[in-house]
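# What the coordinates show
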Amino acid sequence: MKLVITLVAGAGLLLAPLPAQAAENAAKNPVSALKAQLKAGKGVRFTDASAFVGDINKDPLVRRTGVVKFGKKGIVASDIRGTFASPLFDGHTTKPERTIIIGKDAWRSGGVLAESLPKGKTWYKTISLFNTGTVSSWFGQLVSPLEPATLAELVKRGKRSGSTYQGTIALERVYEISPWFRQTLGLIRSTDAVITYTLTVDRKGLPSKLKTSWLAKDLANLPSWEEKTIVTETRYTGWGTKVSIKPPPRSQVTSKLED
């Protein structure tokens, strides 16, 4: 199947503005604040909106919602859903996608994968690679401030102004330090590729919003993508929420796909 997407460069804000936050918010150590949230059974919710605009509308092409579950050392499970504003493939309507991750196991459902599932099965079980292989993951948030090492890098490299940190980071560096990046995309065409970011933290120093942008040509060598920019804005809410993520019913799961 041929992926056909038209991107709009210089896309504006994708979600409504956040309320004004006091300048002293960022004075609290974001990494320490995050580590204090790493408790078994607790987690956080997030929403993504990415500025991949189809040629039939001007809405964000990809939207995602998800919940992440923490353990004492970091992320141990996640449940992420992706939806599309327009068809991505010639002759095919892209269905919503969902990926459940628990430890080293992953279950995927929907999207183009649905065409290859045996009759009566709605889930495909594979290894834990977060959203690798789902179309919505390619256009979701590649940078995760839910990882202490990644958050530390964003804070270190960013210029602070009140409750925000603005800066740039090489995709190659993100690949080195971030399991989220490696397991969500893990692919870069250029070692010179960089991500521009604006990170906003709340009163406790916890990430509340992350906006990133980078050149589409660093993902794929397509003429229509030259000088186009991918913009993704993610909101984080419900810090400390009790999270329960369970695998799909076994009767709906398969580990084999049809041709």
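The paragraphs below set out a description of the structure included in this document. (Residues numbered from 1 in each chain as written. Predicted model: local features only at pLDDT ≥ 70, side-chain atom pairs only at ≥ 80, totals over all residues. Heavy atoms only, no water.)

### Remarks on the pairing of strand 6 (residues 123-127)
Applied cut-off: Only strands that DSSP links by at least two bridges are regarded as paired with each other. Every helix listed is a DSSP run of H or I at least four residues long, and every strand listed is a run of E at least two residues long, numbered separately from the N terminus.
Here strand 5 (residues 105-110) pairs with strand 6 via 4 bridges, running antiparallel. Its bridge partner lying in strand 6, Asp105 is registered against Ile127. Two strands pair when backbone bridges link them, and strand 6 and strand 12 (residues 253-254) are joined in this way by 2 bridges, in the parallel orientation. Bridged to Trp123 within strand 12 is Val253.

### Some points on the pattern of salt bridges
Going by this rule: Whenever Lys or Arg places a side-chain nitrogen within 4 Å of a carboxyl oxygen from Asp or Glu, that contact is recorded as a salt bridge. Any residue under 20% of the maximum accessible area for its type is buried, any over 50% is exposed, and the rest in between are partly exposed; the area is computed with a 1.4 Å probe on protein chains only.
Enumeration according to the criterion identifies 6 salt bridges in this entry. With its nearest N and O atoms 2.8 Å apart, the salt bridge here joins Asp79 to Arg98. Here Asp79, found in strand 3 (residues 75-84), pairs with Arg98, found in strand 4 (residues 97-102); they are 19 residues apart in sequence, far enough to count as distant. For Asp79, a relative accessible area of 12% puts it in the buried group. Put simply, Arg235 and Glu233 hold a salt bridge, and the shortest N to O gap is 3.2 Å. Taken as a pair, Arg235 and Glu233 share a single burial class, namely buried. Here the salt bridges do not stand alone but share partners, grouping Glu153, Arg157, Arg173 and Glu176 into one network.

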